[in-house]
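# Commentary on secondary and tertiary structure
So you can see what is in the structure, the chains are spelled out below.
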Amino acid sequence: MATNHSSDDESTRLYHPYQSYELPIKAQHLYKLPTSPEYLFTEESLKKRRSWGENLTFYAGTAYLGGSVAGAAAGVISGVKSFEYGDTTKLKINRVLNSSGHKGRSLGCRIGAVGLIYAGIESGVVAYTDRDDVWTSVVAGLGTGAVFRAARGVRSAAVAGALGGMVAGGVVAGKQVLKRYAHI
């Protein structure tokens, strides 16, 4: 229903709610809608990053989805390996579906929890330091690994924290390289 007529201001677009009805309505009944997101406070509009809620939803959701897909793929392989001589097609399909559902669900929950912890720590670090850079992600990765493996002891938490920091730093560095050299 939005028309592409150019208005005085490039940050708005004209909206005519009765356009599909072809009614003779004057131009003053058109609405000017913003083309960019609106913010309640001007401080929000100056920041070029997602809010903590959007961050939490994005990281936890993509981690759960990726873990579920990877777990389901591993479950398919495990289900195919568990075939026995004399199994009917129906039983083979059942084994594959059960195995992929179980592994997908468990790995999705595990990696989704990692995404949830990472998003929370990263948002906390950004709120505390008021800047978002590579070191924020490294600290969040460090904290995520340490918190995720804290129940297994100090040594396991330290190793997982170091791995988490390296993985987060590698992902951010890879993202910067991709932005610079691969114009996607």
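Procedures and definitions
- Every residue gets a number counted from 1 within its own chain, in the order that chain's sequence is written.
- The model is predicted, so local features are restricted to residues of pLDDT at least 70 and side-chain atom pairs to those at 80 or more, both for listing and for counting; the totals for chains, interfaces and linings are taken over all residues.
- Side-chain descriptors were evaluated using all non-hydrogen atoms of the structure, hydrogens and water having been removed beforehand.
- UniProt positions are given in the numbering used here, feature names are shortened, and annotations may be inferred rather than shown by experiment.
- Only DSSP runs of H or I covering at least 4 residues are called helices, and only runs of E covering at least 2 are called strands; the numbering of each starts at the N terminus.
- For every residue, the accessible area (1.4 Å probe, protein chains only) is compared with the maximum for its type, and the residue is labelled buried under 20%, exposed over 50%, or partly exposed between those bounds.
- What sets the accessible areas is the Shrake-Rupley method with a 1.4 Å probe; for residues, cover comes only from the shown protein chains.
- The way it works is a 1 Å grid over only the protein atoms, where trapped points that fit a 1.4 Å probe form a cavity and open points with protein on both sides within 12 Å along at least five of seven lines form a pocket, and then any residue with an atom within 4 Å of a point lines it.
- Grid points are joined across faces, edges and corners, and a volume is the space filled by probe spheres set on the points.
- Note on residue classes: Ala, Val, Leu, Ile, Met, Phe, Trp, Tyr, Cys and Pro are nonpolar, Asp, Glu, Lys and Arg are charged, and everything else, Gly too, is polar.
- Note on ring pairs: Phe, Tyr and Trp rings are taken, using the six-membered ring of Trp, and paired if centres are within 6.5 Å. Classes follow the plane angle, with under 30 degrees stacked, over 60 edge-to-face and the rest tilted.
- Expected span, for any helix, means 1.5 Å times one less than how many residues it has.
- Note on contacts: a residue pair is in contact if any heavy atoms of the two residues lie within 4.5 Å.

Per an unreviewed UniProt entry, the chain goes by the name Mitochondrial import inner membrane translocase subunit TIM23 and belongs to Brassica campestris. One UniProt comment on the chain, placed under Subcellular location (unreviewed entry), says "Membrane".

On to the overall build of the chain. From N to C terminus, the chain includes five helices and two strands. Secondary structure of the chain in N-to-C order comes out as β-β-α-α-α-α-α. Burial statistics for the chain: of 184 residues in total, 23% are counted as buried. With an accessible surface of roughly 13,500 Å², the chain has 63% of that area assigned to carbon and sulfur atoms.

This brings us to the layout of surface pockets. The space that makes up the largest pocket amounts to roughly 910 Å³. If you go around the largest pocket, you meet 32 residues; those closest to its centre are Tyr59, Tyr118, Ser137, Val171 and Val172. When contributions to the lining of the largest pocket are tallied by element, the ones reaching two or more residues are helix H2 (52-81), helix H3 (89-129), helix H4 (134-148) and helix H5 (154-181). For the lining of the largest pocket, the residue count by class is 14 nonpolar, nine polar and nine charged. Approximately 470 Å³ is the volume attributed to the second largest pocket. What lines the second largest pocket is a set of 14 residues, and nearest its centre among them are Lys47, Arg49, Arg50, Ser51 and Trp52. If you list the elements that add at least two residues to the lining of the second largest pocket, you get H2 and H3. The biggest single contributor to the lining of the second largest pocket is H3, with three residues.

Before going further, it helps to examine the packing of aromatic side chains. Inspection of every chain in the model, using the stated rule, returns two aromatic pairs. Seen in terms of ring centroids, Tyr59 and Tyr118 are 5.1 Å apart; in terms of plane orientation they differ by 90°. Their pairing is edge-to-face. Linking Tyr59 in helix H2 with Tyr118 in helix H3, this pair joins segments that are 59 residues apart in sequence. Residue Tyr118 is classed as buried on the basis of its relative accessible area of 14%.

What follows covers H4. In this model H4 runs 21 Å from its N-terminal to its C-terminal C-alpha over 15 residues, within 8% of the 21 Å that 1.5 Å per residue would give. Contacts made by the buried residues of H4 are with H3 and H5.

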